[in-house]
Every structure is written in C-alpha cells, then in structure tokens.
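The primary structure of each chain is shown beneath.
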Amino acid sequence: MSGFGGARTISRNSRLFKAAAATVRRKQQLRAHSAVAYATVSPAPTTGHEDELQLNHDNVVDAAIGGKRQLARERLQAIEKVRPMPSSLMDTFGRHHSYLRISLTEKCNLRCTYCMPAEGLPLTPKNHMLTTPEILRLARMFVEEGVTKIRLTGGEPTVRRDLMDVISGLNELRPLGLKAIGITTNAIALKRKLPMLKANGLDQLNISLDTLDAHKFVLMTRRPGFQNVIDSIKEAVALGFEPVKLNAVVIKNVNDDEVVKFIAMTKDLPIYVRFIEYMPFGGNRWNEEKFVSYKSMLEMIKAEYPTVDKLDDAPNDTSKAYAVPGFAGKFGFITSMSEHFCGTCNRLRLLADGNLKVCLFGNSEVNLRDALRSGVDDSLLLETVSAAVKRKKARHAGMFELKNMPNRPMTMIGG
C-alpha cells in the first residue's frame, strides 16, 4: 500500500486533493504500521510518532478542499487510533526488531566445514537448554512486543523430538500478531515431517544445500544424505511451500563453480536460491582466500545468462533478489560481508541455551534462561531484553576484523 494508506477512499473526483496528496507522497518516506500505511518524515527521535502524525495532519487538511476537509480529518483519526505504541524492541538507531530466530538445539546430523570443526563441539548440558514451555513463554513475550516473524533454527531443528509441539504452540500466537513461522533445516530428515509441519502451522521453509554434486556433498558436510535433501525440496514444492528457499554458502575453489548450476534449478522449480557470502565464525577457519563476493557470483551468472532482472527487495530483506526472465524461480545474494545490511536489521536471536544475541556477529549475549527460572515476571524479562537491544551497535565490525573476534560456531547460533 502507498500514500496515506486510505487515500483511495476519498472521492476520485477530487483532483486537487489527489494532486496535493501525491506531492506529499513524493516528499515523504513511507512505512506500513498495523496494515495502515502512513508517511514517515524522519526517524522518530524518541518513542512515538506524534511529530509525523501532526505533519501528515497539516498536509492532508491543507490539501483537502472542496468539501473534503471532514473526510481527511476522519482518516487521520483512524491513523491515530492504530499508531504503534513505543516498543521495547527499538534500538537507539531506530531499528524495530520484528523478527526472532529461535535455536531449538545445538545438535546437528551433519558436520559442515563452514559451520563446525570436524571433531564436533561440546554440547550444553540438557538441563541448561530451554524447555518447550520456556521457549513458548519467551516467544509470546516477543510477539506481544511487536515480533511478527519467528524462524526456528539449530543446530538442526528437525532433530528436536518435540518440534511439532513448538510449532503448534507458536501457531497459537497468531491472534497476538505473529504472521509467519519458518524453519531453517538441512533437510536430511525433513521429507516425512513436512505434511505434519505444515498442518501445525509452518509456512516458511529454508533448506541449506551447498552443492548439487553428491560426492562433494559428503566432502562439505562430512556425512551422506544428498538425495534426502533433493527429495525434501521436491516434496516441499509439491506441498505448496512458496517459495522454498535454498541457502548455499559459496566458498572459493570448493563450490563456486556450481553457482550457474543452481540458477538452472530455478528454470522449472519455483524456488528461491540464495547464495551466502562465506562468513567467519568460531572454528570454521575462515580466510579471505576462500571468500567470493556477490558481485563475482553475479558476473558468473551473467556470463551464462546475460539478461537477468533485478527484483524489488522488501525493506528488511537480507537478500538482493534477481531472476532470469521466464524462469519459474529466482535467486539472490546475502551480502553480509561485501555489502552489509545492518542499517535495516530487524533480527534478534534466542539461542538454545537461553542466551539472547542482538547481532549475529556480536560476541555479547544476555542470559534469559536464568532470569526466567528465577521466577521473575515478564516485565523484568522485557527490561533485560530492551536493555540488550539498546546496546546493539550500528553495524558489525567487518569481515577482516570479525575473523579475529571470538564468537560461537554457527551451529550454536543458528544463523
């Protein structure tokens, strides 16, 4: 929706009003709030939108002539009734965090080279991991504060025995404002679970697949299972998950020669292949010689497919989206290293042990598990979360600095 969100309800015969409203729209940056779009003139300096609403009020009332003044005032009153309340999930840079990623486990049935050391990792004791009731209580608190999307990660989330209980519990939060429930999985054990996952409320699916070569799959993951993943992708498409997203971490001289092959998959399958720039994490032995920038990948693609269309990206998208004309699917690039998107970051991460990370690459965490188990109420938990959010930095340190900074292995964060 554009303009004042409800401007179309004003008589189309009012040419003066429409011209004035169009002028205002060109000058203001638009943002949607609670399914009602209204103009944002500048980032709110504190917690409210009073200045924005007042300016909208002045512009509309001045423009509404020919008997339309009262209608404009009524529209503005409707906007004021649904304006967002100050949020505990707003940081000091004006970023509202509406996306929560919840790691369900540190365990994984693969040993991907970029994710964990070959020898594996020491796991957190079971009694230190969040229980399902604890996950759902924290999820409810976040949703009540404005989170609209939750994604379940790991480790590998499908190895958690009560995964269906978690998803069905999250599904009950939709009346509170939750709009999307997703999962990121390696899909080794996914296919047979898909129908029940969908029935319990799962509506978004990301599958990690870094190669289309069965032998290379074993080398990269240190485990078999390639055909399981391919079968899961086909089943997900057949069940109507749209789009099925494929995440491929691209590493120089390992799988960068397969970028074009992944694009070919999008010809007939309505999937969204996302190439992820190789990122430094604990234990993955990152170095710049293994790094492939998204621009290099795009050049490879254009050498095979000279005409590609740049698609529109939503304000908080992590991926730059493209498509080959006429293909059923699309592709994109997650450019965390070469062109970070920290300025529009809306994500928080709740780890399996109950720690909260406000930045994927930050090494500071806040323990919510112990506070939860001490018997504190949600208001005190929320104060802890809010304080952590407000300490979030403007951006990450950059890949050359990150490689020397301590951080958890990816499998213990969940991406």
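Residues numbered from 1 in each chain as written. Predicted model: local features only at pLDDT ≥ 70, side-chain atom pairs only at ≥ 80, totals over all residues. Heavy atoms only, no water.

Q: An account of the overall build of the protein is needed here, citing residue identities and associated values.
A: Within the protein one finds 13 helices and 14 strands. Within the span of the protein, comprising 415 residues, buried residues form 51% of the whole. Looking at the protein alone, contacts between residues at least 24 apart form 70% of all its contacts between residues at least 6 apart. When the accessible surface of the protein is totalled, it reaches about 19600 Å², and 52% of it is carbon and sulfur. (Helix = DSSP H or I, 4+ residues; strand = E, 2+ residues; numbered from the N terminus. Buried < 20%, exposed > 50% of the residue type's maximum accessible area, 1.4 Å probe, protein only. Contact = heavy atoms within 4.5 Å. Areas by Shrake-Rupley, 256 points an atom, 1.4 Å probe, with all protein chains shown as cover.)

Q: Explain the layout of surface pockets to me, and be specific about the residues and the numbers.
A: By volume, the second largest pocket is sized at about 510 Å³. Forming the boundary of the second largest pocket are 16 residues, of which L104, T105, K107, K126 and R160 lie nearest the centre. A class-by-class count of the residues in the lining of the second largest pocket yields 6 nonpolar, 4 polar and 6 charged. (1 Å grid on protein atoms, 1.4 Å probe; cavity = no way out; pocket = protein on both sides within 12 Å on 5 of 7 lines; lining within 4 Å. Points joined across faces, edges and corners; volume = space filled by probe spheres on them. Nonpolar A, V, L, I, M, F, W, Y, C, P; charged D, E, K, R; others polar.)

Q: So, the confidence of the model for the protein: which residues are in play, and what are the values?
A: Residue-level pLDDT values for the protein average 79, and 71% of them are 70 or greater. The low-confidence segment residues 1-69 (pLDDT under 50) makes 84 contacts with residues lying over four places distant or belonging to another chain. With pLDDT under 50 throughout, residues 75-83 is counted as low confidence; its partners more than four residues away or in other chains account for 16 contacts. (pLDDT = per-residue confidence, 0-100.)

Q: Lay out the side chain of T132 in plain terms, naming residues and giving numbers.
A: Tracing the backbone shows T132 in helix α4 (residues 132-144). Within the structure, T132 has its side chain in polar contact with the side chain of D162 (distance 2.2 Å). (Polar contact = N/O pair within 3.5 Å; in protein donor to acceptor, adjacent residues only side chain to side chain.)

Q: Which residues make up helix α12 (residues 378-390), and what values go with them?
A: With 13 residues, α12 extends 18 Å between its outermost C-alpha atoms, agreeing within 8% with the 18 Å of an ideal straight helix rising 1.5 Å per residue. Among the residues making up α12, those that are buried are L381, L382, V385, S386, A388 and V389. Looking down the long axis of α12, one finds its buried residues gathered within 160° of arc, a one-sided arrangement. Elements that come into contact with the buried residues of α12 comprise α4, β12 (347-350), β13 (355-357), β14 (366-367) and α11 (369-373). (Expected span 1.5 Å × (residues − 1). Arc of directions from axis to C-beta.)

Q: An account of the sheet that holds strand β9 (residues 309-310) is needed here, citing residue identities and associated values.
A: Strand pairing in a sheet relies on backbone hydrogen bonds, with the paired strands running either antiparallel or parallel. As summarised here, the arrangement of the 12 strands in space is β9-β10-β11-β8-β7-β6-β5-β4-β3-β12-β13-β14, forming an open sheet in which the pairing is mixed. The two strands at the open ends of the sheet, each matched to only one other strand, are β9 and β14. Note: strand β10 (residues 319-323) against strand β11 (residues 330-334), 4 bridges, orientation antiparallel. Across the sheet, S319 pairs through a bridge with I334, a residue of β11. In the packing of helix α8 (residues 226-238) onto the sheet, the strands contacted are β6 (204-208), β7 (244-250) and β8 (271-277), and the crossing angle to β6 comes to about 160°. Lying over the sheet, helix α10 (residues 294-304) contacts β7, β8, β10 and β11, oriented at roughly 155° with respect to β11. (Pairing = 2+ DSSP bridges. Axes fitted to C-alpha atoms, helices over the stretch in contact; angles between N-to-C directions.)

Q: Outline α8, supporting the account with residue identities and numerical values.
A: Between its terminal C-alpha atoms α8 stretches 19 Å, which fits the 18 Å expected from 13 residues at 1.5 Å a residue. Buried residues belonging to α8 abut α6 (194-200), β6, α7 (214-221) and β7. Within two residues after α8, G240 carries a phi angle of roughly 95°, on the positive side.

Q: A description of the nonpolar core should follow, citing residues and the corresponding values.
A: I150, L152, F275 and F331 are the most contacted members of the largest nonpolar core, which has 83 residues in total. It is α4 that provides the largest number of residues to this core, a total of 6 residues. Among all residues touching L152, those that are not within four sequence positions of it are I102, L104, P157, L163, V166, I167, L170, G182, I183 and T184. (Core = buried A, V, L, I, M, F, W, Y, C linked by side-chain atoms within 4.5 Å.)

Q: Residue-level account of the pairing of strand β5 (residues 180-185), with values.
A: By the criterion of burial, β5 is predominantly enclosed, with 6 of the 6 residues buried. Because side chains alternate across β5, one face comprises the buried residues A180, G182 and T184, and the other comprises I181, I183 and T185, equally buried. The sheet contact formed by strand β4 (residues 149-153) and β5 spans 4 bridges and is parallel. Looking at the pairing, I150 lines up with I181 of β5. As a crossover connection, the stretch from β4 through helix α5 (residues 163-171) into β5 is right-handed. (Right-handed = clockwise from strand over helix to strand, strands pointing away.)

Q: Please set out the packing of α4 against α12 residue by residue, giving values where relevant.
A: Running from N to C, α4 and α12 point in directions that differ by 70°, and their axes come no closer than 11 Å. When the axis of α4 is compared with that of α12, the two are roughly perpendicular. Each of R137, L138, M141 and F142 in α4 lies in contact with α12, whose residues at this interface are D378, L381, L382 and V385. Taken together, the residues of the contact of α4 with α12 break down into 6 nonpolar, no polar and 2 charged. (Parallel < 35°, antiparallel > 145°, perpendicular 65-115°, else oblique.)

Q: Before we move on, can you summarise the environment of L356 with the specific residues and values?
A: Structurally, L356 can be placed in strand β13. Separated by 11 residues in sequence, L356 and N367 have C-alpha atoms that sit 6.4 Å apart. Sequence-distant contacts of L356, defined by excluding residues within four places in its chain, comprise F142, L348, R349, L350, S364, E365, V366, L368, V385 and A388.

Q: Let's hear about the state of the cysteines: which residues, and what values?
A: Counted under the stated rule, the structure contains 0 disulfides. Of all cysteine sulfurs, the one in C359 lies closest to C345, which takes part in no disulfide; the gap is 6.7 Å. (Disulfide = S-S within 2.5 Å.)

Q: Which residues make up the side chain of N186, and what values do they have?
A: Looking at the secondary structure, you find N186 in the loop between β5 and α6. Exposure remark for N186: the relative accessible area of 6% places this residue in the buried category. At 2.7 Å, the side chain of N186 and the side chain of N109 are in polar contact. Apart from the residues lying within four places of it in its own chain, the contact partners of N186 are C108, N109, L110, E156, I207, S208 and V229.

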